[in-house]
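Residue-level listing of the chains:
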Amino acid sequence: MLFGSDQYEPGPPARFFNSAFLVGPDGQTRAVYRKMHLVPFGEFIPLKRLLFFVTPLVESVSDFSPGEDYVVMPLGGSRLSTAICYEVVYPDLIAAFVGRGSQLLTTITNDAWYGHSSAPHQHFWMATLRAVEQGRYLVRSANTGISGIVDPYGRVVVKTPIFEQTVAVGDVRYLDGRTIYSRTGDAFAYACLAVTLMAWWASRRR
């Protein structure tokens, strides 16, 4: 079972983390991943000393600490990784998991605060890109939807509607191997940009 929860680490100073826990059938915690990309003004206040005047306005903001490790979780003889909430929009983070041996991508999220807007749908489709980029199955669980399974080609295998209590079941595979994008990241895009700028500069000199 993979689920999200706050995690407390005694101090001094005491710290809190937005974490994902993998629990085995024996009830023992197999692995813990601490969210690395926190939401500004949602999970922490950036530049807290400089923006001291903002603190009274956002007293309900949880003061979480960022995680520091790209944790790949063992499951039997396989390995999986998870991204918490909007972390799944960061291609470099997901690539780092795959580079460390993740064979299955998962993401857990609370999309309730989006309500009945386009945001839950956009968030879901952003997650599908990570499956294509890394050549992995992706399993997404959202407390209010959209939950689902995406295959390595970006095809949606299972998908649930938002704000509907339901159960989604589907098959996934643990995959190895690396895609070109997984190995090179945005290097090709930056190379294209550089060539375009050089061509523009050369045309201006004529």
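Before any of the text, the structure's been laid out above.
First, a word on scope: everything that follows refers to the structure included in this document. Numbering of residues starts from 1 in each chain and follows the order in which that chain's sequence is written. It should be noted that, the model being predicted, local features are given only for residues of pLDDT at least 70 and side-chain atom pairs only at 80 or more, the latter also being counted only at that level, while totals for whole chains, interfaces and linings use all residues. The side-chain figures draw on all heavy atoms in the structure; neither hydrogens nor water molecules are used.

**With respect to the packing of aromatic side chains**
1) Next: By convention, a stacked pair of Phe, Tyr or Trp rings (six-membered ring in the case of Trp) has centres within 6.5 Å and planes under 30 degrees apart, an edge-to-face pair has planes over 60 apart, and any other such pair is tilted. Per the stated rule, a full pass over the model turns up seven aromatic pairs.
2) Next: A ring pair is formed by tyrosine 70 and phenylalanine 97, whose centres lie 6.0 Å apart and whose planes are at 75 degrees; its orientation type is edge-to-face. With tyrosine 70 in the loop between strand S3 (29-34) and strand S4 (73-75) and phenylalanine 97 in helix H1 (residues 91-99), the pair connects residues that are 27 residues apart, well separated along the chain.
3) Next: When a residue's accessible area, from a 1.4 Å probe over protein chains only, is under 20% of the maximum for its type it is buried; when over 50% it is exposed; and in between it is partly exposed. Relative accessible area serves as the criterion here: at 32%, tyrosine 70 is assigned to the partly exposed category.
4) Next: For the ring pair tryptophan 113 and tyrosine 114, a centre distance of 5.1 Å and an interplane angle of 20 degrees mean the geometry is stacked.
5) Next: Residue classification places tryptophan 113 among the exposed residues on the basis of a relative accessible area of 60%.
6) Next: With relative accessibility at 25%, the residue tyrosine 114 sits in the partly exposed group.
7) Next: Among the aromatic residues, those joined into a ring-pair cluster are Tyr33, Tyr70 and Phe97.
8) Next: Note on geometry: a ring has a charge over it if NZ (lysine) or CZ (arginine) is within 6 Å of the ring centre and within 35 degrees of the ring normal. Its end group placed over the ring of phenylalanine 17, arginine 34 keeps NZ or CZ at 3.8 Å from the ring centre. Elements are defined by DSSP. Helices are runs of H or I of four residues or more, strands are runs of E of two residues or more, and each kind is numbered from the N terminus.

**Things to note about the environment of aspartate 26**
1) Next: Here aspartate 26 is to be found in the loop between strand S2 (15-23) and S3.
2) Next: Of the polar contacts made by the side chain of aspartate 26, one reaches the backbone nitrogen of glutamine 28; its length is 3.0 Å.
3) Next: In protein, a polar contact means a hydrogen-donor-capable atom and an acceptor-capable atom, both N or O and within 3.5 Å, with residues adjacent in sequence counting only if both atoms are side-chain atoms; elsewhere, any N or O pair within 3.5 Å suffices. Looking at aspartate 26, its side chain comes within polar contact range of the side chain of arginine 30, at 3.4 Å.

**Topic: the sheet that holds strand S1 (residues 2-9)**
1) Next: Pairing in this open sheet of three strands is antiparallel, and the strands run S1-S2-S3 from one edge to the other. For this open sheet the edge positions go to S1 and S3, each flanked by a neighbour on one side alone. Neighbour to neighbour, the strand axes of the sheet diverge by 40 degrees on average, direction disregarded.
2) Next: Here the rule is simple: two strands pair whenever DSSP picks up at least two bridges between them. Pairing of S1 with S2, which is carried by eight bridges, proceeds in the antiparallel orientation. When the bridges of S2 are listed, serine 5 appears paired with serine 19. Comment: axis = line fitted to C-alpha atoms, over the contacting stretch for helices; angle = value between 0 and 180 degrees taken between N-to-C directions.

**Section: the pattern of salt bridges**
1) Next: Salt bridges, as used here, are contacts in which a Lys or Arg side-chain nitrogen is within 4 Å of a carboxyl oxygen on Asp or Glu. Here the structure, examined in full by the defined rule, presents six salt bridges.
2) Next: Arginine 30 is the partner of aspartate 26 in a salt bridge, and the nearest nitrogen-oxygen pair spans 3.4 Å.
3) Next: For aspartate 26, a relative accessible area of 48% translates into the label partly exposed.
4) Next: Judged by its relative accessible area of 40%, arginine 30 is partly exposed.
5) Next: When salt bridges with common partners are traced through the structure, they connect Glu9, Arg15 and Arg34 into a single cluster.

**So, the nonpolar core**
1) Next: Among the nonpolar cores identified, the biggest contains 30 residues, and Tyr33, Met73, Ile84 and Leu138 are the most heavily contacted of them.
2) Next: Mapped by element, the contributors of at least two residues to this core are S2, S3, strand S5 (78-84), H1, strand S6 (104-109), helix H2 (119-134) and strand S8 (148-150).
3) Next: Here this core gets four residues from one element, more than from any other, and that element is H1.
4) Next: By definition in these notes, contact holds between two residues if any of their heavy atoms fall within 4.5 Å. Look past the residues within four positions of isoleucine 84 in its chain and what remains in contact with it is Asn18, Ser19, Ala20, Tyr33, Lys35 and Ile108. Side-chain atoms within 4.5 Å are what join buried Ala, Val, Leu, Ile, Met, Phe, Trp, Tyr and Cys residues into a set we call a nonpolar core.

No statement about biological role is implied by the geometric values presented.
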